[in-house]
Amino acid sequence: MGCGPGHNGAAAPTGIRVRSPPLTSRFQHAWTTAPERHRAKGPAPALWRIARWERECAIAAVHIDKAAQGTTSPRTPPESQARRRVQNCAPGIPVAPSLPLPETPNYQIQIDSLKRILPKKRKTLAYRFSVGDRLSTWPAYASGQAILQNRKPCCSPEGRSKKQASLTIAKPRYLEELECYLRKELQSLDLTKENAQELKLQPYREIFEFFIEDFKTYKPLLSAIKNEYEVTLAHLREKIRSLEPLKAMLVSVSDECTRQIVALQEEEKAEITMLKKEKLYLLKLIDKMKEEKGSLQTQVNKLRKNVAKEYMRYINECDARKLLLADLNEMRNQQLEMSLRQVQEVKGEDLVKVTLALKIARQDLTKAQVELNTMKADYGDVVPRRDFESQEKKYSDLFEKMEVLQKDFDDLQKEYDTLLEIHQETVEERDRFYNELQQVQRSSTPRPDWAKCAEVISGGPERWSYLEEGKTSDQLVDVLLEEIGTGVLKEKDFFPGLGKGDKVPVYLRYEGQVKNKKLNKKDVVNILKEIWKEKVSADLQKGKQSSLPEFFLSYLQKRYGDSSAFEWAYTIYENIKLYRSNEAMSLFYDILSGKVDEGLYHGQNQLIANLLKELMASDSSNSGTLVTEQFNLALRAAFPLKSSDQIQELIDASRYKAESTEDLIDYRSIFMEDEEGNAEPFIAKIRSQYASEKQEYLRELRNELGHAPEVKVDDLKTAFCAIDPAIDDLTLDAYVCLAFQVSKEQWDQTGSLPVDTVVERLLAGDTKRIGALPEEIYASHSLSERGEAGAYA
């Protein structure tokens, strides 16, 4: 159990290993508890003292073994005799008193558990000794420690080499047996398994248990140490096992964060590229606006120069006028003086009078000069009315032109903002489509060769070419499944009844076998048309809409009797569930199973009826044909909310099978259906546009509702009014009742619903836009105002 007493590196003699557990354990205890003065006295004792010491220890070991076997004298306890002998041979080393074995229940339970854990092969090992007289003097540091290769030496290399050279005594037999047993156990293990370390630890655990069993005195302590190690190992093993999922989760979280960072970087790159393009576009627009501003500034400068020239011309004319007046006044004064001189010469007047008159004239002249200066000071900057009126007229014309240009500029600015928003939406839609394209490209498979199906479909290539005409791969898969299902359905003679439980629809509540009527597609479509016709008539008579499943069962019972009603019900149900490509069957199945509201069927029929009414009103000659222009006007009158592209799609669909090149459209033929209820491409295009418009309408509603998880009645009404201002109260109430599945009187008691549930219910009903988009109304007003401004200009 460790190195000998010379573990501290001194030259003291090594502890003697004996076979008797009490002596060995107590001798080790005595050595470890000895005072420090016995260990550090210097050089080792003489050889004769060592030999005597070993003999005394051997005699003490023999007495202890005899005492353990009961052969010693009863007068002296074995442990006391052994203690006296050890004290005699080593008087300086105190011997620890014997430790009493604990008798507590917990200790007894530990002993019992240890006895159960030890393998039964432990019984085959007995106490054996390596040399005679039942004493082993083999030192602990001797050669042959091949089992514990990784053990750190307890003494210096020089001392170890001297001991190995001086001692050539063989190992004790019990130690050899333990090492041999350990080697056999280790060699028999499969160390390639995952729990190789656990398997490797088990032989060492057994050896340690053998060792504990032999040392009776220290068995409780060693067992407690071993149990504590086992508990610690189990605790650490459980802790490692609990940390392994955290490690895996940490790796997965790290990978997910890395993927998110890469995705965000890609999105930022795309956004940066888009912003750079938008920046270049805006820079070009700014340069264009600067050029326009420069041209306008040039015109203003030119007008300023013209005004300055006119003003200078006016100043010159005013100065010339003043000079002319001065000249005229001077000439007039000269004429007056000359006339006065002539009068004086003629009359010979008195000089005094003349002088007085001259003085008065000079005073008048001074007064006139003062008045003239005053007039110049007051009216020097005044322009003539003629020039003022002409300049005012020019200014008013320029101001009107500037207002027109400013208004055009404001309209262009609004159009630019609108186009910028449309561009932003287009970019977002493009990115969404690109992501969808990438996803489709990743998940798409090579296009199958559908021509191979012609060999296995009944009717051959001719029927298959008719079936695959104008259909996508997804639709062709449905057609192929329908053909396969038709064969399987015809082979069945009976259908298993679904029982009469509450979860079974009312028209399928039957127990037992139900006979298959083996109807074809044409018969099923005719029956469905009759059911719709009878239901519409019955609802008009009652004044309210009845449930389709209940009416379906009552109609079959009324027509075919109670005994055969369920046979017809099961046969029709299996057929409409199979033929999903047929619009009449598919819609009837969705309404019958509750996936779609019945109002969707009536809404589509009303839409088609209104269109047919408009076309017949446009056909004044009742010939059944219209020119393209009349057909276009009728479509716009029937569908005022459709765009020009959608109207053109309908026109192209109406001429899908037109053979003549004349500009005539046979509008009656595009409303016809074949014997299986399949409509023409024109009606199919109307239905597809109806579905796409409804999805777009509900998408705008969802965006208006925002990111709130739930919605109330008032919030839903506000959102509808925001995206569709022209909606009337009756339609709005119908939409709200459809979304919350309650009547108008129960709105106050109705709480909030998830937004997804509301949108799904509206998608299943007849939901459509009532008025034009707010952007379209604004665009039409702006275009009309621009036209009026252009006409005024």
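Worth saying up front: this structure is predicted, and the values here are computed from it rather than measured.

> Describe the overall build of the protein chain, naming the residues involved and giving the relevant values.
A tally of regular secondary structure across the protein chain gives 24 helices and 6 strands. In the protein chain, the proportion of contacts linking residues at least 24 apart, taken out of those at least 6 apart, comes to 64%. On the protein chain, roughly 53600 Å² of surface is accessible, and the fraction owed to carbon and sulfur atoms is 56%.

> Which residues make up the packing of helix α13 (residues 521–542) against helix α14 (residues 548–560), and what are the values?
Running from amino to carboxyl end, α13 crosses α14 at an angle of 110°, the nearest separation of the two axes being 11 Å. Considered as vectors, α13 and α14 are oriented roughly perpendicular to each other. Contacts between α13 and α14 involve Ile-527, Glu-530, Ile-531, Trp-532, Glu-534, Lys-535 and Ala-538 on the former and, on the latter, Leu-548, Phe-551, Phe-552, Tyr-555, Arg-559 and Tyr-560. Broken down by class, the residue content of the contact of α13 with α14 amounts to 9 nonpolar, no polar and 4 charged.

> How would you explain a nonpolar patch on the surface if you had to name every residue and give the values?
Side chains of Leu-243, Leu-246, Met-249 and Val-253 sit close together on the surface and give an oily, nonpolar patch of about 360 Å² of accessible area. Turning to its location among the elements, Met-249 is positioned in helix α8 (residues 219–347).

> An account of unusual backbone geometry is requested, with residue identities and associated values reported.
Glycine aside, a negative phi is what most residues show, and trans is what most peptide bonds show. The backbone of Lys-518 sits at a positive phi, close to 55°, despite the residue not being glycine. Here Lys-518 is to be found in the loop between β2 (513–515) and α13. For Lys-518, a relative accessible area of 44% puts it in the partly exposed group. Notably, Gln-741 is not glycine yet its phi reads approximately 60°, a positive angle. Take Gln-741: it is sitting in the loop between α22 (729–740) and β6 (753–754).

> Tell me about helix α21 (residues 713–723), and name the residues and values.
Listing the buried residues of α21 in full gives Val-713, Leu-716, Ala-719, Phe-720 and Ile-723. For α21, the angular spread of the buried residues around the axis is 130°, confining them to a single face. The outward face of α21, more than 90 degrees from its buried face, is lined by the exposed residues Asp-714 and Thr-718.

> For the nonpolar core, give the residues involved together with the corresponding values.
Grouped together as the largest cluster of nonpolar side chains are 58 residues, with contacts concentrated most on Phe-552, Ile-572, Ile-576, Phe-588, Phe-631, Leu-635 and Phe-682. Elements represented by at least two residues in this core include exactly α13, α14, α15 (562–578), α16 (583–592), α17 (599–618), α18 (628–638), α19 (644–654) and α20 (681–705). Once residues within four sequence positions are removed from consideration, Leu-635 is found in contact with Leu-611, Ile-647, Leu-650, Ile-651 and Phe-682. By size, the runner-up hydrophobic cluster in this structure holds 23 residues, among which are Val-711, Ile-723, Val-742 and Leu-762.

> Break down the pattern of salt bridges for me, citing the residues and quoting the values.
Under the counting rule described, the total for this entry stands at 24 salt bridges. We note a salt bridge from Arg-205 to Glu-230, for which the minimum N-O separation is 2.5 Å. One end of the pair, Arg-205, is in helix α7 (residues 196–214); the other, Glu-230, is in helix α8, with 25 residues separating them in the sequence. On the basis of relative accessibility, which here comes to 27%, the residue Glu-230 falls in the partly exposed class. Where Arg-386 meets Asp-387, a salt bridge forms, and the shortest distance between an N and an O atom there is 4.0 Å.

> Can you lay out the environment of Leu-626 for me, pointing to particular residues and giving the numbers?
Note on placement: Leu-626 falls in strand β3 (residues 625–627). Residue class for Leu-626 comes out buried when judged on its relative accessible area of 1%. Residues Leu-626 and Tyr-667, spaced 41 residues apart in sequence, show a C-alpha to C-alpha distance of 7.1 Å. In contact with Leu-626, other than residues within four places in its own chain, are Leu-615, Ser-618, Asp-619, Phe-631, Asp-663, Leu-664, Ile-665 and Tyr-667.

> So what's going on with the environment of Tyr-416? Which residues, and what values?
Looking at the element boundaries, Tyr-416 is found in helix α10 (residues 385–443). Note on Tyr-416: relative accessible area 15%, which makes it buried. Beyond its immediate chain neighbours, meaning those up to four positions away, Tyr-416 contacts Tyr-281, Leu-282 and Leu-285.

> Go over a negative patch on the surface, please, and point to the residues and values.
Residues Asp-417, Glu-421, Glu-425, Glu-428 and Glu-429 make up a contiguous surface patch of negative charge. With respect to the secondary-structure elements, Glu-429 resides in helix α10. For Glu-429, a relative accessible area of 33% corresponds to the partly exposed category.

> Before we move on, can you summarise the packing of α13 against α16 with the specific residues and values?
For the pair α13 and α16, the least separation of the axes is 10 Å and the interaxial angle reads 55°. Regarding the angle of α13 to α16, the classification is oblique. Between α13 and α16 the crossing geometry is left-handed. Along its contact with α13, which presents Lys-521, Val-524, Val-525, Leu-528, Ile-531 and Trp-532, the element α16 presents Ala-584, Met-585, Phe-588 and Ile-591. Along the lines of polarity and charge, the residues of the contact of α13 with α16 split into 9 nonpolar, no polar and 1 charged.

> Provide a residue-level description of α22, including the pertinent values.
Helical geometry: 3.6 residues make up each α-helical turn, so side chains three or four residues apart lie on a common side. Helix length check: α22 (12 residues) gives 16 Å between terminal C-alpha atoms against 16 Å at 1.5 Å per residue, within 8%. Considered for burial, the residues of α22 that qualify are Thr-731, Leu-732, Asp-733, Tyr-735, Val-736, Leu-738, Ala-739 and Phe-740. The inward-facing, buried residues of α22 contact α20, β5 (710–711), α21, β6 and α23 (755–763). Following α22 by one or two positions, Gln-741 has its phi on the positive side, about 60°.

> Please set out the packing of aromatic side chains residue by residue, giving values where relevant.
Applying the stated rule across the entire model yields 16 aromatic pairs. Between the aromatic rings of Tyr-507 and Phe-552, the centroid separation amounts to 5.5 Å while the plane-to-plane angle is 85°, which identifies the pairing as edge-to-face. Of this pair, Tyr-507 sits in the loop between β1 (494–496) and β2 while Phe-552 sits in helix α14; the two residues are 45 residues apart in sequence, bridging distant segments of the chain. Residue Tyr-507 shares its accessibility class with Phe-552, and that shared class is buried. Members of the aromatic cluster, joined through ring pairs, are Tyr-507, Trp-532, Phe-552, Tyr-573, Phe-588, Tyr-589 and Tyr-601. Positioned above the aromatic ring of Phe-639, the side-chain terminus of Lys-642 is 5.0 Å from the ring centre.

> Help me get a handle on the confidence of the model for the protein chain, residues and values and all.
Per-residue confidence for the protein chain averages 75 on the pLDDT scale, and 72% of its residues sit at or above 70. Counted against residues more than four places away or in other chains, residues 1–51, with its pLDDT under 50, gives 86 contacts. In the predicted structure, residues 67–167 sits below a pLDDT of 50 and forms 135 contacts with residues beyond four places in sequence or in another chain.

> Can you lay out the side chain of Glu-567 for me, pointing to particular residues and giving the numbers?
For Glu-567, the position within the fold is in helix α15. Judged by its relative accessible area of 19%, Glu-567 is buried. If sequence neighbours within four positions are ignored, Glu-567 has contacts with Val-514, Lys-515 and Lys-517.

> Can you tell me about the environment of Asp-729, naming the residues and giving the values?
Note on placement: Asp-729 falls in helix α22. Looking at Asp-729, the relative accessible area reads 58%, which means it is exposed. Along the backbone, Asp-729 and Lys-717 are 12 residues apart, and their C-alpha atoms lie at a distance of 9.7 Å.

Calculation criteria
Residues numbered from 1 in each chain as written. Predicted model: local features only at pLDDT ≥ 70, side-chain atom pairs only at ≥ 80, totals over all residues. Heavy atoms only, no water. Helix = DSSP H or I, 4+ residues; strand = E, 2+ residues; numbered from the N terminus. Contact = heavy atoms within 4.5 Å. Areas by Shrake-Rupley, 256 points an atom, 1.4 Å probe, with all protein chains shown as cover. Axes fitted to C-alpha atoms, helices over the stretch in contact; angles between N-to-C directions. Parallel < 35°, antiparallel > 145°, perpendicular 65-115°, else oblique. Nonpolar A, V, L, I, M, F, W, Y, C, P; charged D, E, K, R; others polar. Patch = residues over 30% accessible without salt bridge, like charges linked within 9 Å, V, L, I, M, F, W, Y side chains within 5 Å. Salt bridge = Lys/Arg side-chain N within 4 Å of Asp/Glu carboxyl O. Buried < 20%, exposed > 50% of the residue type's maximum accessible area, 1.4 Å probe, protein only. Arc of directions from axis to C-beta. Core = buried A, V, L, I, M, F, W, Y, C linked by side-chain atoms within 4.5 Å. Lys, Arg positive; Asp, Glu negative; His and termini not counted. Charge placed at Lys NZ, Arg CZ, Asp CG, Glu CD. Left-handed = near helix turned anticlockwise from the far one by under 90°. Expected span 1.5 Å × (residues − 1). Phe/Tyr/Trp six-rings, centres within 6.5 Å; stacked < 30°, edge-to-face > 60°. Lys NZ or Arg CZ within 6 Å of the ring centre and 35° of its normal. pLDDT = per-residue confidence, 0-100.

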